[in-house]
Amino acid sequence: MKLRVLAVGTRMPGWVVEGVEEYRKRMPRECQLAIEEIAPGPRGKNADVARAIAQEGDRMLARLDGDLQIVALDVQGRPWSTPELATRLDGWKLDGRDVALLIGGPDGLDPRCLARAEAHWSLSRLTLPHPLVRVVLAEQLYRAWTLSIGHPYHR
């Protein structure tokens, strides 16, 4: 199974790249983690935010090829505890499909992406900066994997 994180935003700071890479390399081959960056829509003083979100949605939907389990990271989603995530990870492995985890831009995910998702997950009710979401997500996926195999990382 491959865990594909599709995230709006490019040119992340070094600490984000290093943080995600640390957890990505810890994941086993049977549960690979990949980050795929989606170019953000144009934003600025007079930008049309709805159009920017739609453009991000077009780019994201174009990458959702094949039979994937799609999970939208959404502030309106349901919060999962780490043990709940570990249970879901086990279920995803049994299902046999790759998983796409969608992270929207600063204004959220396109409604079409939300509609395609089988689950809506809220990492926190706090507003988190998008670069930090990538690191938290990578760490939590690693933590869930260690919990599911009985590794002592999760204590």
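Residues numbered from 1 in each chain as written. Predicted model: local features only at pLDDT ≥ 70, side-chain atom pairs only at ≥ 80, totals over all residues. Heavy atoms only, no water.

A.B. asks: Just to check I follow, could you spell out the environment of R112 for this structure?
C.D. replies: Topologically, R112 is positioned in helix 4 (residues 111–116). Exposure remark for R112: the relative accessible area of 35% places this residue in the partly exposed category. When near neighbours in sequence (up to four residues on either side) are disregarded, R112 contacts A54, G57, D58 and L61. At 2.8 Å, the side chain of R112 forms a polar contact with the side chain of D58. (Helix = DSSP H or I, 4+ residues; strand = E, 2+ residues; numbered from the N terminus. Buried < 20%, exposed > 50% of the residue type's maximum accessible area, 1.4 Å probe, protein only. Contact = heavy atoms within 4.5 Å. Polar contact = N/O pair within 3.5 Å; in protein donor to acceptor, adjacent residues only side chain to side chain.)

A.B. asks: Just to check I follow, could you spell out the layout of surface pockets for this structure?
C.D. replies: To find the voids left in a structure, one rolls a probe of water-molecule size over its atoms. Estimated volume of the largest pocket: approximately 410 Å³. L73, D74, V75, L128 and H130 are the residues nearest the centre of the largest pocket, which is lined by 20 residues in total. Elements represented by at least two residues in the lining of the largest pocket include exactly strand 3 (68–79), strand 5 (119–122) and helix 5 (130–149). Considering every element that reaches the lining of the largest pocket, the biggest residue donor is strand 3, with 3 residues. (1 Å grid on protein atoms, 1.4 Å probe; cavity = no way out; pocket = protein on both sides within 12 Å on 5 of 7 lines; lining within 4 Å. Points joined across faces, edges and corners; volume = space filled by probe spheres on them.)

A.B. asks: Which parts of the structure should I look at to understand unusual backbone geometry?
C.D. replies: In the Ramachandran plot, R11 falls in the positive-phi region, its phi being about 55° despite a non-glycine side chain. Take R11: it is sitting in the loop between strand 1 (2–8) and helix 1 (14–26).

A.B. asks: Got a minute to help me understand the packing of aromatic side chains in this structure?
C.D. replies: The geometry of an aromatic ring pair comes down to the distance between the two centres and the angle between the two planes. Taken as a whole, this structure holds 5 aromatic pairs when the rule is applied. Look at Y23 and Y142: their rings are 6.0 Å apart centre to centre, the planes differ by 40°, and that puts the pair in the tilted class. Note that Y23 is positioned in helix 1 and Y142 in helix 5, a separation of 119 residues in sequence. A relative accessible area of 7% places Y142 in the buried class. Consider the rings of Y142 and Y153, whose centres lie 4.8 Å apart with planes at 70°: the pair is edge-to-face. Within this pair, whereas Y142 is found in helix 5, its partner Y153 is found in the segment after helix 5, the two being separated by 11 residues in sequence. In textbook terms, an aromatic cluster arises when at least three aromatic residues are bridged by ring pairs, as seen for Y23, Y142, W145 and Y153. (Phe/Tyr/Trp six-rings, centres within 6.5 Å; stacked < 30°, edge-to-face > 60°.)

A.B. asks: What should I look at first to understand the nonpolar core in this one?
C.D. replies: In a soluble, globular protein the nonpolar side chains are often hidden away together inside. In terms of nonpolar packing, the biggest core is built from 30 residues, with L3, V71, W92, L101, W121 and L137 touching the most fellow members. Looking at this core, the elements with two or more residues in it are strand 1, helix 1, strand 3, helix 3 (82–95), strand 4 (98–103), strand 5 and helix 5. The dominant element in this core, judged by the number of residues it contributes, is helix 5, at 8 residues. What L3 contacts, discounting residues up to four positions off in sequence, is M27, C31, Q32, L33, A34, L89, W92, V99, L101 and L141. Among the nonpolar cores identified, the runner-up in size contains 13 residues, and M60, L64, L68 and I70 belong to it. (Core = buried A, V, L, I, M, F, W, Y, C linked by side-chain atoms within 4.5 Å.)

A.B. asks: Just checking my understanding: could you explain the pairing of strand 1 for this structure?
C.D. replies: Note on strand geometry: in a regular strand, side chains alternate between the two faces of the sheet. The buried fraction of strand 1 is high, at 6 of 7 residues. Read as a crossover between parallel neighbours, the route from strand 1 over helix 1 to strand 2 (residues 32–38) is right-handed. (Right-handed = clockwise from strand over helix to strand, strands pointing away.)

A.B. asks: Got a minute to help me understand the sheet that holds strand 2 in this structure?
C.D. replies: The pairing of strands in a sheet happens through backbone hydrogen bonds and is either parallel or antiparallel. Taken together, 5 strands build an open sheet; the order of strands is 2-1-4-3-5 and the sheet is parallel. The outermost strands of the open sheet, each flanked by one partner alone, are strand 2 and strand 5. Neighbour-to-neighbour, the strand axes of this sheet turn through a mean angle of 30°, independent of strand direction. Here strand 3 runs beside strand 4; their pairing, made up of 5 bridges, is parallel. By the bridge assignment, I70 is partnered in strand 4 with A100. (Pairing = 2+ DSSP bridges. Axes fitted to C-alpha atoms, helices over the stretch in contact; angles between N-to-C directions.)

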